[in-house]
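Summary of the model geometry
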Amino acid sequence: DAGVIQSPRHEVTEMGQEVTLRCKPISGHNSLFWYRQTMMRGLELLIYFNNNVPIDDSGMPEDRFSAKMPNASFSTLKIQPSEPRDSAVYFCASSSTGGAGNTIYFGEGSWLTVV
Amino acid sequence: AQSVTQLDSQVPVFEEAPVELRCNYSSSVSVYLFWYVQYPNQGLQLLLKYLSGSTLVKGINGFEAEFNKSQTSFHLRKPSVHISDTAEYFCAVSEAGAGSYQLTFGKGTKLSVIP
């Protein structure tokens, strides 16, 4: 079975450039999460979608970050303009329902370096 | 709000020895508890979870954890570790209930299995 698919796996970009991270959730899952992992802050929830609708974006650090889910099989996380402090691993995850009791499946992550 | 404390950031252990990774949580409401494992350069994978019922939970790869409500702990154990268990382990907590989706992660414990 295909898991959560993320692209790109690795991205190095210059400060000020736009970065777009992509995610394809597991087919049939109606909840999608974007997490960020850094050494300093650990794993943080950025945004949560349920049935393609953003339910909680309180974790999005600032207006430079935006996320969309135009359909059930695709989501993007965009950073514009990017800054060195955005360097992190960004994980997309999905589950069959939004309840935390359900298993959340993670993608392999997008490793972003902003220089 | 919930919080998670993983008491050890790194745990070295010899192959075939037992291991315990400690996790304590704080919450004013009932919780669900999880352990995830992250192998190098990969996403997180669910090891086990406690939702209700028996306080001893068995997971994949021979791991188990015990929920102790009075001590607000959810320690992870394995009686005999293998080299392949070398990874980072994350404890996570969420508010119990169908509407809850927010997982709060600990900072992780890096398990190093020594041949």
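Described in the following lines is the structure provided in the data block. In this text the structure is predicted, and so the values were computed from the model without any measurement. (Residues numbered from 1 in each chain as written. Chains lettered and ligands numbered in written order. Predicted model: local features only at pLDDT ≥ 70, side-chain atom pairs only at ≥ 80, totals over all residues. Heavy atoms only, no water.)

1. Considerations on the pairing of strand β3 (residues 19-24) of chain A
Two faces make up the sheet, and in a regular strand the side chains alternate between them. Residues and elements named next belong to chain A. Alignment of strand β1 (residues 5-7) against β3, held across 3 bridges, turns out to be antiparallel. Along β3, the bridge assignment pairs Ser7 with Arg22. By the bridge criterion, 5 bridges tie β3 to strand β8 (residues 74-79) in an arrangement that is antiparallel. Bridged to Arg22 within β8 is Thr76. (Pairing = 2+ DSSP bridges. Helix = DSSP H or I, 4+ residues; strand = E, 2+ residues; numbered from the N terminus.)

2. As for unusual backbone geometry
Residue and element names in this part refer to chain A. Following Ser7, the chain continues to Pro8 via a peptide bond in cis, the omega torsion being -10°. Structurally, Pro8 is set in the loop between β1 and β2 (10-13). We note that Asn51 has phi near 50°; this positive angle belongs to a residue other than glycine. Tracing the chain through its elements places Asn51 in the loop between β5 (42-50) and β6 (53-56).

3. A short note on the state of the cysteines
Residues and elements named next belong to chain A. Evaluation of the coordinates by the stated rule reveals 2 disulfides over all chains. Here Cys23 is linked by a disulfide to Cys92, with a sulfur-sulfur distance of 1.9 Å. Residues Cys23 and Cys92 share a disulfide whose torsion about the S-S bond is about -70°; that sign makes it left-handed. Of this pair, Cys23 sits in strand β3 while Cys92 is found in strand β9 (residues 88-95), placing the two residues 69 residues apart along the sequence. Judged by relative accessible area, which is 0%, Cys92 ranks as buried. (Disulfide = S-S within 2.5 Å. Buried < 20%, exposed > 50% of the residue type's maximum accessible area, 1.4 Å probe, protein only.)

4. What about the environment of B:Pro12?
Residues and elements named next belong to chain B. Relative to the assigned elements, Pro12 resides in strand β2 (residues 10-14). Sequence-wise, Pro12 and Ile114 are 102 residues apart; in three dimensions their C-alpha atoms are separated by 7.0 Å. For Pro12, the contacting residues outside a window of four places in its chain are Ser112 and Ile114. (Contact = heavy atoms within 4.5 Å.)

5. As for the sheet that holds β3(A)
Residues and elements named next belong to chain A. Here we have 4 strands laid out as an open sheet, ordered β1-β3-β8-β7, and antiparallel in their pairing. Each edge of the open sheet carries a strand with a single partner, namely β1 and β7 (65-71). Neighbour-to-neighbour, the strand axes of this sheet turn through a mean angle of 15°, independent of strand direction. (Axes fitted to C-alpha atoms, helices over the stretch in contact; angles between N-to-C directions.)

6. Focus on the interface of chain B and chain A
Quite often, the size of an interface is put as the accessible area lost when its parts meet. The partner chain A presents 23 residues to the 20 residues of chain B that form the contact. Where chain B abuts chain A, roughly 1700 Å² becomes buried across the two surfaces, and 58% of that area is made up of carbon and sulfur atoms. Linking chain B with chain A are 0 salt bridges. Those elements giving two or more residues to the side of chain B that touches chain A turn out to be β5 (31-38), β6 (44-50) and β10 (87-95) of chain B. Broken down by element, the side of chain B that touches chain A gets its largest block of residues, 4 residues, from β5(B). (Buried area = accessible area lost by both parts, 1.4 Å probe. Salt bridge = Lys/Arg side-chain N within 4 Å of Asp/Glu carboxyl O.)

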